[in-house]
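Structural characterization, general
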Amino acid sequence: QKEVEQNSGPLSVPEGAIASLNCTYSDRGSQSFFWYRQYSGKSPELIMSIYSNGDKEDGRFTAQLNKASQYVSLLIRDSQPSDSATYLCAVNDRGYGGSQGNLIFGKGTKLSVKP
Amino acid sequence: DGGITQSPKYLFRKEGQNVTLSCEQNLNHDAMYWYRQDPGQGLRLIYYSQIVNDFQKGDIAEGYSVSREKKESFPLTVTSAQKNPTAFYLCASTQSRTDSYNEQFFGPGTRLTVL
């Protein structure tokens, strides 16, 4: 059973701090990694995708991928109260029959940014 | 505007009733997905479809049925056989199910409650 693991939190950080969200996955051959943000009562919104080892930056967000350690993280710099949400990690499912586009989701980490 | 629409936003079902949730996309995406989300849980895949008139069961297909008569539309029926249907239902789409680098995008969701 392929798994994506996240600390459920809640992770609480003060406004202006760096929030660090972590995710591990079980399938060593996974190729694509995604971070979604989900506000309470809303649907997930894609905020970052990463496919190669290393860092990828987009504004205040940085995704980090280490395939050898099967680890992907999301850093949020200068955290704002509006960043308070649940962050879902997703990894592509290398299933049979051409289902590589399917995703396996973690249960999410709840982030709370305190003013 | 390109996007994914779901209707209704809220749906109430009596015991023993079948209900159908609508999902439409104008992104010209090939693949479409239905997920279920329960409180504190990750997203669980119900059904997915790559092309018209073809669909595959996901991890929790029992008690659900789908159709894909048009590329733009992927309705989900929650049947009376689904014993615990109260949940948040999310529709998603991606350019191609067979491409592991494709990003999935979500509709706004339908919240189903059994009375």
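Because the structure is predicted, anything quoted here is derived from the model rather than measured.

The rules behind the values
Residues numbered from 1 in each chain as written. Chains lettered and ligands numbered in written order. Predicted model: local features only at pLDDT ≥ 70, side-chain atom pairs only at ≥ 80, totals over all residues. Heavy atoms only, no water. Helix = DSSP H or I, 4+ residues; strand = E, 2+ residues; numbered from the N terminus. Disulfide = S-S within 2.5 Å. Buried < 20%, exposed > 50% of the residue type's maximum accessible area, 1.4 Å probe, protein only. Salt bridge = Lys/Arg side-chain N within 4 Å of Asp/Glu carboxyl O. Pairing = 2+ DSSP bridges. Axes fitted to C-alpha atoms, helices over the stretch in contact; angles between N-to-C directions.

1. With respect to unusual backbone geometry
Pro10(A) follows Gly9(A) through a cis peptide bond whose omega is 10°. Examined against the element boundaries, Pro10(A) turns out to sit in the loop between β1 (4-6) and β2 (11-14). For the bond from Ser7(B) to Pro8(B), the omega torsion is -5°, close enough to zero to count as cis. Residue placement: Pro8(B) occurs in the loop between β1 (4-7) and β2 (10-13). The residue Gln70(A) is not glycine, and still its phi comes out positive at about 55°. For Gln70(A), the location among the structural elements is in the loop between β7 (61-66) and β8 (71-76). One non-glycine residue, Asn28(B), adopts positive backbone phi at about 60°. Looking at where Asn28(B) falls in the secondary structure, it is placed in the loop between β3 (19-25) and β4 (31-37).

2. Topic: the state of the cysteines
All names here are of chain B. Scanning the model with the defined rule gives two disulfides over all chains in all. Here Cys23 engages in a disulfide with Cys91; their sulfurs sit 1.9 Å apart. Taking the sign of the S-S torsion, -70° for the link of Cys23 and Cys91, the bridge is left-handed. Within this pair, whereas Cys23 is found in strand β3, its partner Cys91 is found in strand β9 (residues 87-94), the two being separated by 68 residues in sequence. When its relative accessible area of 1% is taken as the criterion, Cys23 is described as buried. Classification of Cys91 as buried rests on a relative accessible area of 0%.

3. Describing the pattern of salt bridges
Counting across every chain of the model gives eight salt bridges over all chains. Of the charged contacts in the structure, one is a salt bridge between Asp83(A) and Arg60(A), with a shortest N-O distance of 2.9 Å. Here Asp83(A) is found in the loop between β8 and β9 (85-92), whereas its partner Arg60(A) is found in the loop between β6 (54-58) and β7, with 23 residues between them in sequence. The residue Lys71(B) makes a salt bridge to Asp30(B) at a minimum N-O spacing of 3.2 Å. With Lys71(B) in the loop between β7 (64-66) and β8 (76-78) and Asp30(B) in the loop between β3 and β4, the pair connects residues that are 41 residues apart, well separated along the chain. One network of salt bridges, in which partners are shared, links Lys2(A), Asp27(A) and Asp93(A).

4. Points about the sheet that holds β3(B)
Residues and elements named next belong to chain B. Spatial ordering of the open sheet is given by β1-β3-β8-β7, a layout of four strands whose pairing is antiparallel. Looking along the sheet, the strands with just one partner apiece sit at the ends: β1 and β7. Direction aside, neighbouring strands of the sheet carry axes that sit 20° apart on average. Relative to β3, β1 runs antiparallel, the two being bridged by four bridges. Directly across from Gln6, in β3, lies its bridge partner Cys23.

5. Observations regarding the sheet that holds β8(A)
The strands making up a sheet associate through hydrogen bonds between their backbones, and the pairing can be parallel or antiparallel. All names here are of chain A. What the five strands build is an open sheet, ordered β1-β3-β8-β7-β6; its pairing is antiparallel. Whereas interior strands pair on both sides, the edge strands pair on one side only; in this sheet they are β1 and β6. Strand-to-strand twist across the sheet, computed as the mean angle between neighbouring axes with direction ignored, equals 20°.

Limitation: the analysis is restricted to geometry and does not speak to function.
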